[in-house]
Amino acid sequence: MPETRVHRKLAAILAADVVGYSRLMGIDESGTLAQLMAHRKEFIDPKIAAHNGRIVKLMGDGALVEFSSVVEAMECAVAIQRGMCERNAEILKDRQIVFRVGINLGDIIIEGNDIYGDGVNVAARLESLADPGGICISDTVRNAVGNKVAVGYESMGKQQVKNIAEPVHAYRVLLDSEAKQSKETLGRGKTRRRLVTVIALVLLIATGSIALWQLYPRDRTPLPANITTKDGSLELPDDPSLVVLPFKNLSNDTKQDFFVDGLAEDLITDLAKLAGLFVISRNSAFTYKDQVVNIKQVAEELGVRYVIEGSVRRAENRIRVNAQLIDALYDRHLWAERYDRVLDDVFAVQDDVKQKIVAALAIKLKSGEQKQLIGKPTDNVQAYEYFLRGWRNMSGRLTIVRAQGALKRAIELDPNFAKAYAALAMTYAMDYRGSILYDHWIRPPATVRTQVHALAEKASALDPTLALPELVFAQIRLSNREYDKALEHVSKAVALEPSNSEIYATRALILTATGRHQDALAAMQQAIRLDPKPPNDYHNKLGRIYFALRDYERAIESLQRSQQHRRSEYFFNFYLPASYALSGQKVEAKTTTNYLLS
């Protein structure tokens, strides 16, 4: 019998699947399937064809694609992930279809229309390592592509993956369009040195050779209790306390969500400026978005007495706003109003709502607060809409470029739009902090810092009541270890917006960096009290402060709650194995150390 010849060739393999596909199908099976098919037909398949790719097979929510050119494979993956961000922009976050993509360059076996071999298997494993909306590639792809695709790269080190004998050196692709690839070379040595230092510290702690707490300035003030609770519920603050729930969009157009959400967010921000009022943060308030809520339960969960809820209907050049203020403690309505106005009157509606709330709660305004409470952020409604779009996209590095584009457009439409300058300054500050913490950036750090200062100063000059520019200055100063200056700016920010949780969280970081851990704990607890359903990062910050105070049990509890699964973030969580070791939990210390080293 003649021997069957095995056909092999070198190819670039792209593997992709949908993040959380089972969850999406559980929410809306037919809608999810229809949305996925639309993405494939209208966008993904044409992109693959345009880059000369061949779809080998579709596997439910996944796909395997072969390319003869690794550069075209990369360009296709980048185009798909960037394009999906745009296609998802107006879709509710929990309904969005988001892909993970892995790319490998290797030898494959061809059998009919199918392909096999380690080259295919590695691509599938890399896909599982990719972030939602991201791309993970092998070192063979990285070396072959070089500088031919306008993206950046972050080394993930060697990864031991299932059913592959040798570890695979993986890279995370940084999709920001202006990422500087040359930074990879500069940052690699710095990251490696930092990682070696951290690992050495953890190993020394685990073997009992060093007590890491000696590295911190000592603060022997007795530790306070955790955030005060009563019968399992948060106690009410002394000042009137409220939450502004996300307004309901009654426009039958999900594309108006950004506008409706923006009205509620602006209301939160403006009310948070009042010293005599305790206002829950936007982050916690918006956990109730698109939910049927029990007002009393919401108030108990967030530890407030008053709840504001409302709805918005927008049709062409008119808006209809319904708003009401409820005393959850006594289950009664204190105030309700319905507004039917032209769109240009939206700011007048906001001002009236704020003043009615202040009057209903009998809040005594301090000098200058009445001026803070009212006034148009801009005379240009279109500029305001671009601002809201930009603000909505300030959630991470994948969307920061889009945010900057929208905010720049808002400034073009209204060169005196202070909030837009402040928000744009914050996007650049996010980029600058990324260059300090993660060794990768969109623009050169020195350039970014100059832009941050210019934008923040412009915002403050146009509107001295804004806290955001001071927060931006504080975070930049903190990144540069200019702690005295950072404290000056963050103190000004607290005075301007006393109910802003992010300001207190930043204050906590500055204070603990200077050894004032007890004060840092109080600031971090205040941040979490204002944001009772905080982001995971708040638990991480709190855990690190407890570690500095040598309260290792509480440090472990907080660090575990931070749930930081990504190794790039987990890098900073060497505090967790250290806390285990110093509290005598050697098995747990070894387990988490091994994870850090893997």
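**A few points about the nonpolar core**
Part 1 of the argument: In terms of nonpolar packing, the biggest core is built from 121 residues, with Leu 242 and Leu 271 touching the most fellow members.
Part 2 of the argument: The element that contributes the greatest number of residues to this core is helix H14 (residues 418-437), accounting for eleven residues.
Part 3 of the argument: For Leu 271, the residues in contact, after removing those within four places along its chain, are Leu 242, Val 244, Leu 277, Val 279, Ile 308, Lys 354, Ile 357 and Leu 373.

**Remarks on the packing of aromatic side chains**
For any two aromatic rings, the description comes down to two numbers: the centre-to-centre distance and the angle of the planes.
Part 1 of the argument: Using the criterion set out here, one finds six aromatic pairs in the structure.
Part 2 of the argument: Seen from their ring centres, Phe 387 and Phe 417 are 5.4 Å apart, and the 45° between their planes marks the pair as tilted. One end of the pair, Phe 387, is in helix H12 (residues 381-392); the other, Phe 417, is in the loop between helix H13 (400-413) and H14, with 30 residues separating them in the sequence.
Part 3 of the argument: Using a relative accessible area of 4% as the deciding quantity, one classes Phe 387 as buried.
Part 4 of the argument: In textbook terms, an aromatic cluster arises when at least three aromatic residues are bridged by ring pairs, as seen for Phe 259, Phe 347 and Tyr 384.
Part 5 of the argument: Sitting over the face of the ring of Phe 286, Arg 282 holds its NZ or CZ atom 3.9 Å from the ring centroid.
Part 6 of the argument: The positively charged end of Arg 389 is found above the aromatic ring belonging to Phe 258, 4.0 Å away from the centroid.

**Observations regarding helix H18 (residues 501-513)**
In an α-helix, one turn spans 3.6 residues, which is why side chains three or four residues apart end up on the same side.
Part 1 of the argument: Helix length check: H18, at 13 residues, gives a terminal C-alpha distance of 19 Å against a target of 18 Å (1.5 Å per residue), a fit within 8%.
Part 2 of the argument: Among the residues of H18, Ser 501, Ile 503, Tyr 504, Ala 505, Thr 506, Ala 508, Ile 510, Leu 511 and Thr 512 are the ones counted as buried.
Part 3 of the argument: Structurally, H18 contributes buried residues whose contacts are with helix H16 (468-479), helix H17 (483-496), helix H19 (517-530) and helix H20 (536-548).
Part 4 of the argument: Looking at where H18 begins, the residue whose side-chain oxygen comes 2.9 Å from the main-chain nitrogen of Glu 502 is Asn 500.
Part 5 of the argument: Directly beyond the C-terminal end of H18, a positive phi value near 90° is found at Gly 515.

**Describing the pairing of strand E2 (residues 53-59)**
Part 1 of the argument: In terms of strand pairing, E2 meets strand E3 (residues 62-67) through six bridges, oriented antiparallel. Opposite Met 59, over in E3, you have Gly 62 as the bridge partner.
Part 2 of the argument: In textbook terms, the turn of a hairpin is the stretch between consecutive antiparallel strands, and for E2 and E3 this stretch comprises two residues, one of which, Gly 60, has a positive phi near 65°.

**A closer look at the environment of Asp 352**
Part 1 of the argument: Structurally, the position occupied by Asp 352 is in helix H10 (residues 346-360).
Part 2 of the argument: Sequence separation between Asp 352 and Ile 374 is 22 residues, and the spatial gap between their C-alpha atoms is 8.4 Å.
Part 3 of the argument: A polar atom in the side chain of Asp 352 sits 2.5 Å from the side chain of Tyr 339.

**As for the confidence of the model for the protein**
Part 1 of the argument: Looking at the protein as a whole, the pLDDT averages 82, with 84% of positions reaching at least 70.
Part 2 of the argument: The element-level mean pLDDT for the protein is lowest in strand E9 (residues 229-230), coming to 41, with strand E13 (residues 278-279) highest at 96.
Part 3 of the argument: This model gives residues 436-441 a pLDDT under 50, and the stretch forms 27 contacts once residues within four places in sequence are excluded.
Part 4 of the argument: Within the model, pLDDT remains below 50 along residues 565-571, and this stretch shows 20 contacts once partners closer than five positions in the same chain are excluded.

**Structural notes on the environment of Ala 16**
Part 1 of the argument: For Ala 16, the location among the structural elements is in strand E1 (residues 7-18).
Part 2 of the argument: Residue Ala 16 is classed as buried on the basis of its relative accessible area, which comes to 15%.
Part 3 of the argument: For Ala 16 and Ala 123, which are 107 residues apart along the polypeptide, the C-alpha to C-alpha distance reads 8.9 Å.
Part 4 of the argument: When residues no more than four places from it in sequence are discounted, the contact partners of Ala 16 are Asp 61, Gly 62, Ala 63, Arg 100, Val 101 and Glu 127.

Rules behind the numbers
- Position numbers for residues start from 1 in each chain and track the written sequence from start to end.
- Local features in this predicted model are restricted to residues whose pLDDT is 70 or higher, and side-chain atom pairs enter the listing and the counts only when it is 80 or higher, whereas totals over whole chains, interfaces and linings include all residues.
- Derived side-chain values reflect all non-hydrogen atoms in the structure, with water molecules and hydrogen atoms excluded from consideration.
- Residues belong to a common nonpolar core when they are buried Ala, Val, Leu, Ile, Met, Phe, Trp, Tyr or Cys residues joined through side-chain atoms within 4.5 Å.
- For the exposure calls, accessible area comes from a 1.4 Å probe over protein chains only, and a residue counts as buried if that area is under 20% of its type's maximum, exposed if over 50%, partly exposed in between.
- Segments assigned H or I by DSSP are reported as helices when at least four residues long, segments assigned E as strands when at least two residues long, and all are numbered from the N terminus.
- Only heavy atoms matter for contacts: two residues are in contact if any of them lie within 4.5 Å across the pair.
- Centres within 6.5 Å are what make two rings of Phe, Tyr or Trp a pair, Trp counting through its six-membered ring; a difference in plane orientation under 30 degrees is then read as stacked, over 60 as edge-to-face, and the rest as tilted.
- Criterion for a charge above a ring: Arg CZ or Lys NZ at most 6 Å from the ring centre, at most 35 degrees from the ring normal.
- In this scheme, a helix's expected span is set at 1.5 Å multiplied by one less than its residue total.
- As used in this structure description, the phrase polar contact means that two N or O atoms lie within 3.5 Å; if the pair is within protein, one of them must be able to donate a hydrogen and the other to accept it, and residues adjacent in sequence are counted only when both atoms belong to side chains.
- When DSSP finds two or more bridges between a pair of strands, those strands are recorded as paired.
- Confidence scores here are pLDDT values: one per residue, from the predictor, ranging 0 to 100.

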